[in-house]
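This is what each chain is made of:
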Amino acid sequence: MKNLLLAGIILGVMLTGCGKRNVAYNQDDNGAAVEEGAGGESLSEALGAGNTWQEQIGSGTDTIFVNAKVQIPGGKSMYTQEVSEHYYTPEEQKQIAGYFMDADTLKVNKEKVVTKEWLQKRINYCEQRLEAEEESDSAYKSPKEYLTMISNEKKRLEGLMDSAPSINDVSETIKDFSENDYVGKKGEIEYTLSFDMDEATNTSYWKLEAADGNDFTDGEISTEYYFDWRVAAPLYEGDNLCQMTKEEAGKKAEQICQELGLTGLKAVEVSNLEIFLKGERPEMMNIPSDTWDGQSAGFEMNGYYVMLTREINGVPVANSLYHGDSMYLNTEETEKPYDREMVILEFNDKGIISMTCEGAMQEKATGKPVKLLSYEQVTKLFRQELMKLEEKTDTWRYLSLVYIRTKSEEDPNSHCYIPAWCLSLDKIYGGTVYGDDGEGTLDSTLVSHTIWINAIDGSRMDPDKAGFVHYITAQEELREMELYFDEE
């Protein structure tokens, strides 16, 4: 890095793994940029950061309150890392299928193929949602973006109907693994495996799922399980029945990812897993007949839910979901961003129950340690941004230095993880809404509750332009409705 002193401003030209960028540092703020980790200091010490940022900015009705916990990664350095979107080839799909299932049991899963029957179920669902909205006299109405999204999805599905085969015309024989949906067995356990690879919609997603959770338990209901009759919901008083520890579960999940070629991923959340048990209503459980669904026998705390995200030199990337003010994709105006890079595994001592991989990335290059703005420079920039806000009544409670993914302006399939500061009204947890984690981990926040600043050059970041805002799409909603379709 070469610095030139011009009229009180130090201009640095920084070469990183994400290209060249002109960086302006104010000489008034400690004289220059901080090269983190210098002299053996921690990153927090090198940046001059404290544990909290407490300040009242402005006066009168325009007063802004900051009472923020400062969160900075351990270690001494931060980097940039280039990555590119990855869409699985037929050969890669074959390797994934062969990892989870015995080759001689593999078949095309006809129930998941885009047939006329498959399309009609989803068209019917879209019609029902739109009709229910029209007939509803409730004060609550679904957002306009949601209705537009469902309407456009209905039109898209209808457009596929003429060329789609009937289910009776679909063969179970795998030709070249360009098929998207499979069924097979590993020993006696049956699995389904589905791929959704669509570069046009920035979708890279696959999911493995066991057909029956009872394969991973003895199926017996312990007296430690009981139901709360008021909500017919299972409550549990015992410990996780899995012999594996949480630490072992995290390492096992990382090993599975490595074996599948998913490199650079770290287990960032390990929660206890509840397995759904099927069976008749046990007499020992006080469940009123009018609340009994005819299937649920209880839940067994047996296994782990593990979330994995990318790790850059020992620091995991930000893995929360950042939603827009509307959680649904505005299909008239907005292109679906590439999904966040994430793997979720569910397993216990008896094997893998499910695995989901979305937003897969191909590693390209990791840059050298980058120079970051000092803490004093960063807080000065945030003061300027806060004073621009129209609404100034909320208290800002968290200031975090994280890795966030930004998309390339030159190449739509390329992205770069960079260090960035996030000032937030809400606590941004790096966990999951599933499992029984005692911390009550939260996995999403509204981008309107955050302000983002590039930790290298001090520029204000637009989450939409950077490409890390998550929108619920019609495809995502329909995937969640698979159980509904199966019961149709």
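Look a little higher up for the structure.
A brief look at the structure comes next. (Residues numbered from 1 in each chain as written. Predicted model: local features only at pLDDT ≥ 70, side-chain atom pairs only at ≥ 80, totals over all residues. Heavy atoms only, no water.)

## Description of empty space enclosed by the protein
Going by this rule: Definitions used for this entry: grid spacing 1 Å over protein atoms alone; cavity, a set of points where a 1.4 Å probe fits but cannot get out; pocket, an open set with protein on both sides within 12 Å along at least 5 of 7 lines; lining residue, one with an atom within 4 Å of a point. Grid points are joined across faces, edges and corners, and a volume is the space filled by probe spheres set on the points. Here a strand is any run of E in DSSP of at least two residues, a helix any run of H or I of at least four, and the numbering for each starts at the N terminus. Residues are grouped as follows: Ala, Val, Leu, Ile, Met, Phe, Trp, Tyr, Cys and Pro are nonpolar; Asp, Glu, Lys and Arg are charged; all remaining types, including Gly, are polar.
All chains considered together, the criterion is met by three cavities of 30 Å³ or more. In this model, the largest cavity occupies a volume close to 250 Å³. Every residue lining the largest cavity is counted, 22 residues in all, and those nearest its centre are Tyr338, Asp339, Arg340, Arg405 and Phe468. Listing elements by their share of the lining of the largest cavity, those giving two or more residues are β17 (321-328), β22 (395-407) and β27 (469-472). In terms of residue class, the lining of the largest cavity is made up of twelve nonpolar, five polar and five charged.

## Remarks on the pattern of salt bridges
Working definition: two side chains of opposite charge can pair if their charged atoms are close together. Let me state the cut-off plainly: Should a side-chain nitrogen of Lys or Arg be within 4 Å of a carboxyl oxygen of Asp or Glu, the pair is scored as a salt bridge. Three labels apply to residues, based on accessible area from a 1.4 Å probe with only protein chains included: buried if under 20% of the type maximum, exposed if over 50%, partly exposed otherwise in between.
Here the structure, examined in full by the defined rule, presents twelve salt bridges. Residue aspartate 196 is joined to arginine 479 by a salt bridge in which the shortest nitrogen-to-oxygen separation is 3.5 Å. With aspartate 196 in strand β10 (residues 189-198) and arginine 479 in helix α8 (residues 474-480), the pair connects residues that are 283 residues apart, well separated along the chain. When its relative accessible area of 26% is taken as the criterion, aspartate 196 is described as partly exposed. The residue glutamate 363 makes a salt bridge to arginine 310 at a minimum N-O spacing of 2.8 Å. Within this pair, whereas glutamate 363 is found in strand β20 (residues 361-366), its partner arginine 310 is found in strand β15 (residues 296-312), the two being separated by 53 residues in sequence. Using a relative accessible area of 34% as the deciding quantity, one classes glutamate 363 as partly exposed. One connected set of salt bridges, linked through shared partners, spans Arg310, Glu341 and Glu363.

## Focus on unusual backbone geometry
The phi dihedral of asparagine 202 is positive, around 55°, even though this residue is not glycine. Structurally, asparagine 202 can be placed in the loop between β10 and β11 (203-210). Even without being glycine, asparagine 313 reaches a positive phi, approximately 50°. Tracing the backbone through its elements, the reader meets asparagine 313 in the loop between β15 and β16 (315-316). Under the relative-accessibility criterion, asparagine 313 is labelled exposed at 52%.

## Digging into the pairing of strand β5 (residues 52-57)
Note the following rule: Think of it this way: DSSP has to see at least two bridges between two strands before they count as a pair.
Pairing of β5 with strand β6 (residues 64-71), which is carried by six bridges, proceeds in the antiparallel orientation. Residue pairing for β6: isoleucine 57 is matched across the bridge by isoleucine 64. Remark: six residues form the turn of the hairpin made by β5 and β6, two consecutive strands paired antiparallel; glycine 58 in that turn has positive phi of roughly 85°.

## Looking at the packing of aromatic side chains
Each aromatic ring pair is specified by the distance between its two centres and by the angle formed by the two planes. Put simply, the test is: Any two rings among Phe, Tyr and Trp, with Trp reduced to its six-membered ring, count as a pair given centres within 6.5 Å; such a pair is stacked if its planes are under 30 degrees apart, edge-to-face if over 60, and tilted if neither.
Tallied over the entire structure, the rule returns twelve aromatic pairs. Their ring planes at 85° and their centres at 5.1 Å tell us that tyrosine 99 and phenylalanine 100 sit as a pair that is edge-to-face. A centroid spacing of 6.2 Å and a plane angle of 45° characterise the contact between phenylalanine 195 and tryptophan 206, whose relative ring orientation is tilted. In this pair, phenylalanine 195 is assigned in strand β10 and tryptophan 206 in strand β11, connecting sequence segments eleven residues apart. Comparing phenylalanine 195 with tryptophan 206 shows no difference in burial state: the two are buried. Members of the aromatic cluster, each reached through a chain of ring pairs, are Tyr88, Tyr99, Phe100, Phe177, Tyr182, Phe195 and Trp206.

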